[in-house]
Amino acid sequence: MPASSSTALKQPVDGAPQLVPEKPVPVLPILGMPVHDLGWNQALALLERKLVSRDGFTHIAFLNANNANVMVRDPEYRDVLSRCLVLPDGIGVDVAAQFLHGGRFTANLNGTDFVPAALTFISKPLRVGLLGATSEVLQAAARNFRKRTPWHDFIEISDGYFDRADPQVILNRIEDARIDLLLVAMGTPLQEKWVDRHLTAEHARVVISVGALLDFVSGRVARAPGWIRQLRSEWLFRLWLEPSRLWRRYVLGIPVFLGHVIRHRLRQPDPTPT
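Residues numbered from 1 in each chain as written. Predicted model: local features only at pLDDT ≥ 70, side-chain atom pairs only at ≥ 80, totals over all residues. Heavy atoms only, no water.

Q: I'd like a description of the overall build of the chain, backed by residues and values.
A: For the chain, the count of helices and strands is 12 helices and 10 strands. Every one of the 274 residues in the chain was classed for burial, and the buried ones make up 49%. Considering only intrachain contacts with a sequence separation of at least 6, the fraction spanning at least 24 residues in the chain is 71%. Accessible area of the chain: about 13,600 Å², with a carbon and sulfur share of 55%. (Helix = DSSP H or I, 4+ residues; strand = E, 2+ residues; numbered from the N terminus. Buried < 20%, exposed > 50% of the residue type's maximum accessible area, 1.4 Å probe, protein only. Contact = heavy atoms within 4.5 Å. Areas by Shrake-Rupley, 256 points an atom, 1.4 Å probe, with all protein chains shown as cover.)

Okay, structure coming up:
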């Protein structure tokens, strides 16, 4: 997906409007995947432009160490991500960017923080669809979203346990709901593949694959205290909360990811930021 397909109007001296392309968004490739390097204000403004645009379809995904490991062993997932607007998530990709390109990402745009911030930032009322998680989590997340940003309309499309072999009922429900922004929480890489396979501009202007976001918003899973997040150590807090589920992702996954990064650097030794 191009870094930015939107354009800006410029008024020349003779009064005739001209379309002037906006500057492309810078990227830092991680293991060959272009990841957008944006500050918070830039990223929020970009999302707002995508949402108010009447043309096009944007699928936003996030790359962290775990997703990068999945990408390395799953060519289909890599192909799907190549069609997404990919944002950086977590300290792992920051370390990789420093090692590969000599500089870290401008901001940690993880979905757990980015999506709520975007809903607060965008003052224009949106129709926001929620798809995924369990029914209880979906309903609780919708309630909390409505409390925090009541000017948006939150539509509960379905939990994540619908019939994947016959998704037409869900697709019809999404289309009928006239969604601006759809949040899909079905886990990586299923959510990204499902969006890529089934959704178009007829369903929503922007779709964001949000992973465990609804679990956090619903209150089912606690966020780490602010000081832990500032230390970029939320992964340790999550491992402490759910060791049986997450030990493989972090205890094994982090060394595997670093191994992939080192091998990639050895194959392409010259760090050249884009």
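Once you've had a look at it, read on.
Q: Give me the packing of aromatic side chains: which residues, what numbers.
A: On inspection of all chains with the given rule, the structure shows 4 aromatic pairs. When the centroid spacing of 6.0 Å and the interplanar angle of 40° are considered together, the rings of Trp40 and Phe114 count as tilted. Here the residue Trp40 occupies a position in helix 1 (residues 40–52), and Phe114 occupies one in helix 5 (residues 111–121), the gap between them amounting to 74 residues. Residue classification places Trp40 among the partly exposed positions, given a relative accessible area of 30%. According to the relative accessible area criterion, Phe114 is buried, its value standing at 1%. Every member of this aromatic cluster is reached through a ring pair, and the members are Trp40, Phe62 and Phe114. Between Arg223 and the ring centre of Phe216, over which it is positioned, the NZ or CZ distance is 5.7 Å. (Phe/Tyr/Trp six-rings, centres within 6.5 Å; stacked < 30°, edge-to-face > 60°. Lys NZ or Arg CZ within 6 Å of the ring centre and 35° of its normal.)

Q: With reference to specific residues and values, describe the confidence of the model for the chain.
A: Averaged over all residues, the pLDDT of the chain equals 88, while 90% of them reach at least 70. A low-confidence stretch, residues 1–20 (pLDDT under 50), is modelled with 37 contacts involving residues beyond four sequence positions or located in other chains. (pLDDT = per-residue confidence, 0-100.)

Q: Kindly report on the packing of helix 11 (residues 234–241) against helix 12 (residues 243–267), identifying the contributing residues and their values.
A: In the contact formed by helix 11 and helix 12, the axes pass within 7 Å of each other and the chain directions differ by 140°. With respect to each other, helix 11 and helix 12 are oriented oblique. Judged by the twist between their axes, the crossing of helix 11 over helix 12 is left-handed. Facing helix 11, whose interface residues are Trp235, Arg238, Leu239, Trp240 and Leu241, helix 12 presents Pro243, Arg245, Leu246, Trp247, Arg249, Tyr250, Val251 and Ile254. In the contact of helix 11 with helix 12, the residues fall into 10 nonpolar, no polar and 3 charged. (Axes fitted to C-alpha atoms, helices over the stretch in contact; angles between N-to-C directions. Parallel < 35°, antiparallel > 145°, perpendicular 65-115°, else oblique. Left-handed = near helix turned anticlockwise from the far one by under 90°. Nonpolar A, V, L, I, M, F, W, Y, C, P; charged D, E, K, R; others polar.)

Q: Tell me about helix 6 (residues 135–148), residues and numbers included.
A: The α-helix advances 3.6 residues per turn, and as a result positions three or four apart in sequence lie on the same side. For helix 6, spanning 14 residues, the distance from its first C-alpha to its last is 20 Å, which sits close to the expected 20 Å at 1.5 Å a residue. Those residues of helix 6 not exposed but buried are Val137, Leu138, Ala140, Ala141, Ala142, Asn144 and Phe145. Elements in contact with the buried residues of helix 6: helix 5, strand 7 (127–132), strand 8 (153–158), strand 9 (181–185) and helix 9 (213–218). (Expected span 1.5 Å × (residues − 1).)

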